[in-house]
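A look at the structure
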Amino acid sequence: MKKMTTTSFREAKGQKKLTMLTAYDYTIARLMDQSGIDALLVGDSLGMVMLGYPDTLPVTVEDMVRHSAAVARGASTPLVVCDMPFMSSQCGVEDTLRNAGRLVKEGRAQAVKLEGGADFAPEIRALTRASIPVMGHLGLTPQSVNALGGYKVQGKSMGAAQKLLDDARAVQDAGAFALVLECVPAALAARITSELEIPTIGIGAGPDCDGQVLVWQDMLGMFDRVAPKFVRRFGEVGEAMRTAFTSYAEAVRDGSFPAAEHCYNMEDEAEVLSNLY
Ligand code: KIV
């Protein structure tokens, strides 16, 4: 299969539904690669699901570089997009360029994702000019949790819906190749999707987006600290893992593991052992 690029991703709008999942390491990236997923997002959600922080705010550029490089090594076909973590794109254009450059040079990401609307058009434009493709992210932008007053659905009122639509147009006009819409009413996401030429990728934004993204631990039932309404569990892997870990502990404790087939033998075992001093 051919490697997905930002160009082929963008051109897929209207041709097929796009699939994206978060990925944070090599093993999972390989499994998703083998499953035909179009794009892997090294999301800053890794701060919560991999590093155990209460939100995404403590995640650093170093964290993203390390995880992005691991994902890129496992992703022969999917597009690899890496999040710009909190305060890596909020301190001006030059700082944003430097940080995004590290995600591409060291993290081997093919594109970066940046939260924010019209206010961030200069950053998106500068990144695009520097040949760093940008995926936008509007609606519930988790890095703004303190300003938004929590994790809430966005764009519900007339004014908020208009602002979201204007922001979506501004992000596209600044050069973004795709746009994530998070926790937005389905009807508004459908309107934005039909207006834009670039694909929209929804998470809690209804079925009419051009594609969908989920956090992989959520869709496999592995992360029970939060249970957003928009998640469907496509597997009960958390339960399967708990069962396996428990059986392992029991087998070690009752002596049934390791068994003979897991052990190495010596040549002339009895003789060697009797001659050891
Ligand atoms: O960090 C992340 O996982 C994300 C998705 C929720 C879109 O930004």
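This text follows the structure it describes.
Now for a look at the structure at hand. Since this is a predicted model, take the numbers as computed values, not measurements. (Residues numbered from 1 in each chain as written. Predicted model: local features only at pLDDT ≥ 70, side-chain atom pairs only at ≥ 80, totals over all residues. Heavy atoms only, no water.)

1. Description of the sheet that holds strand β3 (residues 79-83)
Overall, parallel pairing links the eight strands, which are arranged β1-β2-β3-β4-β5-β6-β7-β8 in a closed barrel. If you compare each strand with its neighbour and ignore which way they point, the axes differ by 25° on average. Sheet topology note: the strand β4 (residues 111-115)/strand β5 (residues 134-139) ladder contains four bridges and is parallel. Within β5, the position partnered with Leu-114 by the bridge is Gly-136. The strands touched by helix α6 (residues 121-129) within the sheet are β4 and β5, with β4 carrying the most contacts at an inclination of about 175°. Contacts from helix α8 (residues 158-174) reach β5 and β6 (178-182) within the one sheet, and its direction differs from that of β5 by about 175°. (Pairing = 2+ DSSP bridges. Helix = DSSP H or I, 4+ residues; strand = E, 2+ residues; numbered from the N terminus. Axes fitted to C-alpha atoms, helices over the stretch in contact; angles between N-to-C directions. Contact = heavy atoms within 4.5 Å.)

2. Some remarks on the nonpolar core
Ranked by internal contacts, the top residues of the largest apolar core, which has 54 residues, are Leu-179, Leu-181 and Ile-192. Considering every element that reaches this core, the biggest residue donor is α8, with six residues. Other than its neighbours up to four places away in sequence, Leu-181 contacts Leu-138, Ala-189, Ile-192, Thr-200, Ile-201, Gly-202, Ile-203, Ala-205 and Cys-209. Counting 17 residues, the second largest nonpolar core, distinct from the first, contains Leu-18, Ala-39, Leu-79 and Val-81. (Core = buried A, V, L, I, M, F, W, Y, C linked by side-chain atoms within 4.5 Å. Buried < 20%, exposed > 50% of the residue type's maximum accessible area, 1.4 Å probe, protein only.)

3. Points about the site of the ligand
Near the ligand, the surroundings consist of Thr-22, Leu-41, Gly-43, Asp-44, Ser-45, Asp-83, Lys-113, His-137, Val-180, Glu-182, Ile-203 and Val-215. Take Ser-45: an N or O atom from its side chain is 2.5 Å from an oxygen atom of the ligand. Asp-83 is positioned with one of its side-chain polar atoms (N or O) 3.1 Å from an oxygen atom of the ligand. Out of a free accessible area of 260 Å², the ligand has 96% covered by protein chains. A per-class count over the shell around the ligand returns four nonpolar, four polar and four charged. (Near = heavy atom within 4 Å. Polar contact = N/O pair within 3.5 Å; in protein donor to acceptor, adjacent residues only side chain to side chain. Areas by Shrake-Rupley, 256 points an atom, 1.4 Å probe, with all protein chains shown as cover. Nonpolar A, V, L, I, M, F, W, Y, C, P; charged D, E, K, R; others polar.)

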